[in-house]
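# Remarks on the overall topology
Chain by chain, the residues run as shown.
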Amino acid sequence: EIAVVNSEKSALVPMDFTEKQVQLIKDTVARGTTNDQLALFLYTCKKTGLDPLVRQIHCVVRQTKNGPMMSLQTGIDGYRLLADRSGKYAGNDDPIFDDEAKPRKATVTVYKIVNGIRVPFTATARWDQYYPGDAQGFMWKKMPHLMLGKCAEALALRKAFPAELS
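A brief report on the enclosed structure follows. Please read these numbers as outputs of a predicted model, since none were measured by experiment. (Residues numbered from 1 in each chain as written. Predicted model: local features only at pLDDT ≥ 70, side-chain atom pairs only at ≥ 80, totals over all residues. Heavy atoms only, no water.)

## Let's talk about the overall build of the chain
Within the chain one finds seven helices and eight strands. For the chain, the C-alpha atoms occupy an extent of roughly 50 × 45 × 25 Å along the three principal directions. Residue burial in the chain is summarised as follows: out of 166 residues, 38% are buried. Within the chain, residue pairs in contact and separated by at least 24 positions form 44% of the contacts whose partners lie at least 6 positions apart. Taken as a whole, the chain presents about 10000 Å² of accessible surface, with 52% of it coming from carbon and sulfur. (Helix = DSSP H or I, 4+ residues; strand = E, 2+ residues; numbered from the N terminus. Buried < 20%, exposed > 50% of the residue type's maximum accessible area, 1.4 Å probe, protein only. Contact = heavy atoms within 4.5 Å. Areas by Shrake-Rupley, 256 points an atom, 1.4 Å probe, with all protein chains shown as cover.)

Shown next as structure tokens:
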């Protein structure tokens, strides 16, 4: 189905969402998007089967020198869901940190069934490559292990499931 989201440009939006849900998404998790950006976000949600209202996928609008730019970011729960849907996801190990007091890198191994064998895929995320800076790094300072571990897990999942997570 197709529905119109307000008359700003009469942008058409692919729908698996009710009009009320589309408005909720625009007012909350996709705040600040144009109708075209919202349409792209909802199209991506529909194509991937990820639900923005439960934080499986995020619509992020940032101010740049060229004006506001939107990017779509899959959350760790979205990555896990897509890997699980493949029928080949076989779990993961907890992150391993280089320093428990002040982690600078985290390594995670995820497993995929390949030709009937549980195969490991390991990836490492480094703090200096993922920390978003002090302006946006509140959660990173509050829960550094969790945030860095999620980045490492996402990298390992993308390694193991490139077709599902591209």
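Moving on, there is more to tell.
## Side note on the nonpolar core
Counting 36 residues, the largest nonpolar core has I25, F41, L42, W140, L148 and L157 as the members making the most contacts within it. Taken together, the elements giving at least two residues each to this core come down to α1 (19-27), α2 (35-48), β3 (57-64), α3 (76-85), β7 (105-114), β8 (117-126) and α6 (144-160). In terms of residue count, α6 provides more of this core than any other element does, eight residues in total. (Core = buried A, V, L, I, M, F, W, Y, C linked by side-chain atoms within 4.5 Å.)

## Quick notes on the pattern of salt bridges
Applying the stated criterion across every chain, the model contains three salt bridges. Residue E153 is joined to R80 by a salt bridge in which the shortest nitrogen-to-oxygen separation is 2.7 Å. Taken together, the residues E153 in helix α6 and R80 in helix α3 connect sequence positions 73 residues apart. Assessed through its relative accessible area of 6%, E153 is described here as buried. Take R80: its relative accessible area is 31%, and that puts it in the partly exposed class. (Salt bridge = Lys/Arg side-chain N within 4 Å of Asp/Glu carboxyl O.)

## Focus: unusual backbone geometry
A positive phi angle, near 65°, is found at R55, a position not held by glycine. Note on placement: R55 falls in the loop between α2 and β3. We note that N115 has phi near 50°; this positive angle belongs to a residue other than glycine. The residue N115 is located in the loop between β7 and β8 in this model.

## Some points on the layout of surface pockets
Taken as a whole, the largest pocket encloses approximately 920 Å³ of empty space. Taken together, 23 residues line the largest pocket, and the ones lying closest to its centre are H58, Q73, T74, W140 and M147. Sorting the residues of the lining of the largest pocket by element identifies β3, β4 (67-74), α3, α5 (138-142) and α6 as the ones contributing at least two each. The leading source of residues in the lining of the largest pocket is α6, at six residues. Per-class residue counts for the lining of the largest pocket are 13 nonpolar, five polar and five charged. The space that makes up the second largest pocket amounts to roughly 260 Å³. T44, T48, T74, L165 and S166 are the residues nearest the centre of the second largest pocket, which is lined by 13 residues in total. Where the lining of the second largest pocket is concerned, the elements lending two or more residues are α2, β4, α3 and α7 (162-165). Among the residues making up the lining of the second largest pocket, the classes are represented as six nonpolar, five polar and two charged. (1 Å grid on protein atoms, 1.4 Å probe; cavity = no way out; pocket = protein on both sides within 12 Å on 5 of 7 lines; lining within 4 Å. Points joined across faces, edges and corners; volume = space filled by probe spheres on them. Nonpolar A, V, L, I, M, F, W, Y, C, P; charged D, E, K, R; others polar.)

## Here's the deal with the packing of aromatic side chains
This model, assessed by the stated rule, comprises four aromatic pairs. Pairing W127 with W140 gives two aromatic rings, centres 5.3 Å apart and planes at 80°, and the pair type is edge-to-face. In this pair, W127 is assigned in helix α4 (residues 127-130) and W140 in helix α5, connecting sequence segments 13 residues apart. Taken as a pair, W127 and W140 share a single burial class, namely buried. (Phe/Tyr/Trp six-rings, centres within 6.5 Å; stacked < 30°, edge-to-face > 60°.)

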